[in-house]
Amino acid sequence: MAFPARHALDEAWPASSASGPGAILATLPTGSVWQANRIAHSQSEARPSGFAALDRELPGGGWPSGALIELLLERPGAGELSLLLPLLGRTPAERWIAWVAPPLLPYPPALLRAGVPLSRLLLIQPRRSEDALWAARQAAASGSCSAVLAWMQKLDNAALRRLQLAAEDSATPVFLFRPRSAGGQASPSPLRLALSPAGEQLRIDILKRRGPPPARPVMLTIHRDLQRDPIRTGLRLAS
Amino acid sequence: MLWLAILLPALPLQVFTRGARADTAIAVTASRAQTCILAASPFATAAGVRPGQRSASALALLPELQLHARAPEREARALHEIASWAGRFTPRLSLSPPDAVLLEIGSCLRLFGNAPLIEAEVQAGLRELGFEAHTACAPTALAARWFARANGRSPTAADWLDALEHLPLDVLGDEDGCDATTLALLAGLGLRTLAELHRLPAAGLARRGAQAAVHCLARARGETPDPRPWFEVDESFDCGLALPAPTHHAEALLFAARRLFASLGGWLRARHAAIDHCRLLLEHEYQPATALELVLGSPSQDESRLLLIARERLGTLQLAADVSGLRLLAEHTLAAATSSTDLFDDSGRVREQADLLLDRLRARLGRDRVSQLRALPDHRPEAAWAGLPHPPAGRTGARAVVAKGTLPAWHLPATDRLRPLWLLPTPRSVDPDAFVLLSEAERIECGWWDEQPVCRDYYLARDTRQALCWIYQCLDKPQAWYLHGYFG
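Residue indices begin from 1 for each chain and proceed along its sequence in written order. Here every chain gets a letter starting at A, and every ligand a number starting at 1, in the order they are written. Predicted model: local features are reported for residues with pLDDT of at least 70 only, side-chain atom pairs are reported and counted for 80 or more only, and whole-chain, interface and lining totals are derived from all residues.

**Comments concerning the interface of chain A and chain B**
- Working definition of a contact: two residues with C-beta atoms, positioned from the backbone, lying within 7 Å. Opposite the 48 residues of chain A that make contact, chain B presents 51 residues.
- Contributing elements (two or more residues each) for the side of chain A that touches chain B: helix H4 (80-88), strand S5 (105-106), helix H5 (108-113), strand S6 (121-124), helix H6 (129-142) and strand S9 (191-198) of chain A.
- Its residues assigned to classes, the side of chain A that touches chain B shows 28 nonpolar, twelve polar and eight charged.
- At least two DSSP bridges between two strands are needed for those strands to be called paired. In this description a helix means any DSSP run of H or I spanning at least four residues, a strand means any run of E spanning at least two, and both kinds are numbered starting from the N terminus. The pairing of S6 of chain A with strand S13 (residues 370-375) of chain B spans two bridges and is antiparallel. Note on residue classes: Ala, Val, Leu, Ile, Met, Phe, Trp, Tyr, Cys and Pro are nonpolar, Asp, Glu, Lys and Arg are charged, and everything else, Gly too, is polar.

**Considerations on the nonpolar core**
Residues and elements named next belong to chain B.
- Core membership is restricted to buried Ala, Val, Leu, Ile, Met, Phe, Trp, Tyr and Cys residues, and these are joined into a nonpolar core through C-beta atoms within 7 Å. With C-beta atoms placed from the backbone, the exposure class of a residue follows from how many other C-beta atoms lie within 10 Å of its own: 20 or more, buried; 12 or fewer, exposed; in between, partly exposed. Counting 98 residues, the largest nonpolar core has Ile6 and Ala144 as the members making the most contacts within it.
- Per element, the largest residue contribution to this core is ten residues, and it comes from helix H13 (residues 250-271).
- Each domain's extent is set by a domain assignment, obtained either automatically or from a database. Among the domains, domain 1 (3-221) and domain 2 (242-335) are the pair contributing at least three residues each to this core.
- Leaving out residues up to four positions away in the same chain, isoleucine 6 has contacts with Ile82, Ala86, Ala100, Val101, Leu103, Val122, Ala133 and Thr135.

**Describing the environment of glutamine 372 of chain B**
Residues and elements named next belong to chain B.
- Position of glutamine 372 relative to the elements: it lies in strand S13.
- For glutamine 372, a count of 19 C-beta atoms within 10 Å corresponds to the partly exposed category.
- For the pair glutamine 372 and glycine 387, spaced 15 residues apart in sequence, the C-alpha separation works out to 5.6 Å.

**Remarks on helix H12 (residues 211-221) of chain B**
All names here are of chain B.
- Among the residues of H12, Ala213, Val214, Cys216, Leu217 and Ala220 are the ones counted as buried. On an axial view of H12, the arc spanned by its buried residues comes to 160°, and they lie on one face.
- Buried residues along H12 sit against helix H7 (141-150), helix H8 (160-165), helix H9 (180-188), helix H10 (194-199) and helix H11 (202-207).
- Two residues or fewer past H12, glycine 222 is found with a positive phi of approximately 80°. It is the directions from the helix axis to the C-beta atoms whose arc is reported.

**Overview of the confidence of the model for chain A**
Residue and element names in this part refer to chain A.
- Per-residue confidence for chain A gives a mean pLDDT of 80; residues scoring 70 or more make up 77%.
- Per residue, pLDDT measures the predictor's confidence, with a range of 0 to 100. For chain A, helix H1 (residues 5-12) is the element with the lowest average pLDDT, namely 46, and strand S8 (residues 174-178) is the one with the highest, namely 94.
- Within the model, the stretch residues 1-18 combines pLDDT values under 50 with 14 contacts to residues more than four positions away or in other chains.

**So, the environment of arginine 259 of chain B**
Residue and element names in this part refer to chain B.
- For arginine 259, the position within the fold is in helix H13.
- When the C-alpha positions of arginine 259 and glycine 240 are compared, they lie 9.6 Å apart, and in sequence the two are 19 residues distant.
- If we skip the residues at most four places from it in the chain, arginine 259 touches Arg18, Gly19, Leu129, Gly130 and Leu241.

**Quick notes on the sheet that holds strand S5 (residues 93-96) of chain B**
Residues and elements named next belong to chain B.
- Taking strand neighbours across the sheet as the criterion, the four strands line up as S5-S6-S1-S7 in an open arrangement whose pairing is antiparallel. Each of the sheet's edge strands pairs with one partner strand only, and the pair in question is S5 and strand S7 (134-138). Direction aside, neighbouring strands of the sheet carry axes that sit 20° apart on average.
- Pairing geometry for strand S1 (residues 3-7) and strand S6 (residues 100-104), over five bridges, is antiparallel. Each bridged residue has a counterpart across the sheet, and for leucine 4 the counterpart in S6 is leucine 103.
- Here, axes are lines fitted to C-alpha atoms. For helices the fit covers the stretch in contact, and angles between N-to-C directions go from 0 to 180 degrees. In this fold helix H4 (residues 72-86) packs onto S1, S5 and S6, with an angle of close to 20° to the strand it touches most, S6.

**Details of the packing of helix H6 (residues 115-129) of chain B against H13 of chain B**
Residues and elements named next belong to chain B.
- Put simply, H6 and H13 touch, their axes get as near as 7 Å, and they point 135° apart. With respect to their mutual orientation, H6 and H13 come out oblique. Contacts from Gly125, Glu128 and Leu129 in H6 reach Arg259, Ala262, Ser263 and Gly266 in H13.
- The class makeup of the residues in the contact of H6 with H13 is two nonpolar, three polar and two charged. For this classification, under 35 degrees means roughly parallel, over 145 means roughly antiparallel, 65 to 115 means roughly perpendicular, and everything else is oblique.

**Digging into the sheet that holds S9 of chain A**
- Ordered in space as S11(A)-S10(A)-S9(A)-S3(A)-S8(A)-S7(A)-S4(A)-S6(A)-S13(B)-S14(B), the ten strands form an open sheet in which the pairing is mixed. Strand pairing shows two members of the sheet lacking a second neighbour, strand S11 (218-221) of chain A together with strand S14 (385-389) of chain B, which therefore form its edges. Going across the sheet, the axis of each strand differs from the next one's by a mean of 25°, ignoring polarity.
- Bridge count between S13 of chain B and S14 of chain B: five bridges; the pairing is antiparallel. Looking at the pairing, arginine 374 of chain B lines up with alanine 386 of chain B of S14 of chain B.
- Strands in contact with helix H7 (residues 157-170) of chain A are strand S3 (68-72) and S8 of chain A; relative to S3 of chain A, the strand with the most contacts, it is inclined by about 130°.

This is the structure:
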């Protein structure tokens, strides 16, 4: 994406001009307008991701609370769960974390160790893909989930839009895990991240956000405990 | 007690006209063999079609007239449907075949305000269902029925007995009260109103074979009890209507479907239930019916939401043949979400929603498809977890005790050890050369007590695409390496 409009606007209305777009925009309520050359403030409250480097790059400073968030990755195991662990650990007592059609078993001992409340975890394994979509939409629309994690292979635009609307209406973040190849498909999701593993680190390419494209990918050290405390983990890192 | 009678004098005709617009010419004949016109729609009446006419003459007057033979079973179903719908007003109602439903509204006056308000609401609701009815209120069921039959006006509470006396004698023939010979006998005596009948000595009338008339009058006046069987609202909803002529126009279908959805709304309110899906069957004459599944995002009592979905579906539907009738089916009701408003805290509502979500997921996907996970105290990775259907069946079982944390600490799951977030359901055989080992081995050697011993060395490893994996070497077979999880 390129943003030629920025320079065009700046030339037409110098920032000092009283009648410039800056002055007009200043009169509008904050949050209702965002300029494409800046990172947007999210209208809804954002939830900190737990990773400062990522929060800096996300509009609103965290995961948007009512949006469809696409996470694109080649295969499970890139570090996608570790990325969400801080968020999942803060689940309120009466809300679910819905897992719709995960490709592998989310391993309870590891989740427990990471501080995810297992009693709030709802594992939904539909037989058919259309049921998975239905379940994800229901979970998102019910407003009783603190987050919905859904794994889907093929989705058309209408289905994505329905998910996005359900997420918006109920202010529930819906994390949709899709294959990397889906990155080429247009999507109504306001935030799309491509994840790739890099050893103990996770590489995040922000494909789409409300704001300019980032200059470089975000590198997160997600397996912190692995490095911090290898003895207590029962493992010693081989030199 | 206060009874409201819903009387449908034109029911034989209305079972055919309710799905059609007002400008449709429809007439009903007494039966297939008898071709006399029994009743005709207003449009046909305006063209000169009269009850009692031969069908040939009616057709000569109005060639587009649609003739239907009277369908008693349809009328019975329609009456049943009206009773189900009327359950939204009062739980105490009674069928009074062939053409009336009686509602005991004395117990719900305060809820609705007063009897005239209920009457007006019933009338408006029935028009939505596609029926025109006479209604009247009276302290006894039979009197209410008679008032509805005679003029459709309710008497005032003070002088209802006087008003009853002024009713013509014909009302006695209602609801298998008196047979034709009794009525003829009374007419022969020169009686015209109930007042005249009431003045005659009962014993003398009984001797002359008019016992039934005396009994009826006593019941109507409330002098002898008149027990009525209460109508039970059905567990599932199944109502249909015939279209006057086969059609494939979405608007025409929707017009008819609106009647059924109005009926569904009444049924739901009667049962204090909500539904999240229902099925609309489009019946064809010579083909199996086309079924439309209408699914709502959240359970609702509001039939207009379903109607909206039906409109969209009908608009895009490709029909194989013209539709001759509609049928609406609904079952699996859910408890209607009654919202208690809390000023500050919405956690109660969230909890309700959470339960509701679980119900709906289980109802559609099956109980075994929605589960919860639990960690178990076992060193073998594949035995250290369990999936439990929700809610956990054995609350008193050992697992529940573990969850409560009442067992000693050494019994708790080994959460201090590094475990992968993703576990493969079955370990996958891999080539160890493709991995870089990042840690020393963690030996897991146990399980001798339940015939599933394991003896493995687990390693943290990095695969060729830089993902962190959990792999193990099987110590029984040193060449065998397996991938067991991803650190995700």
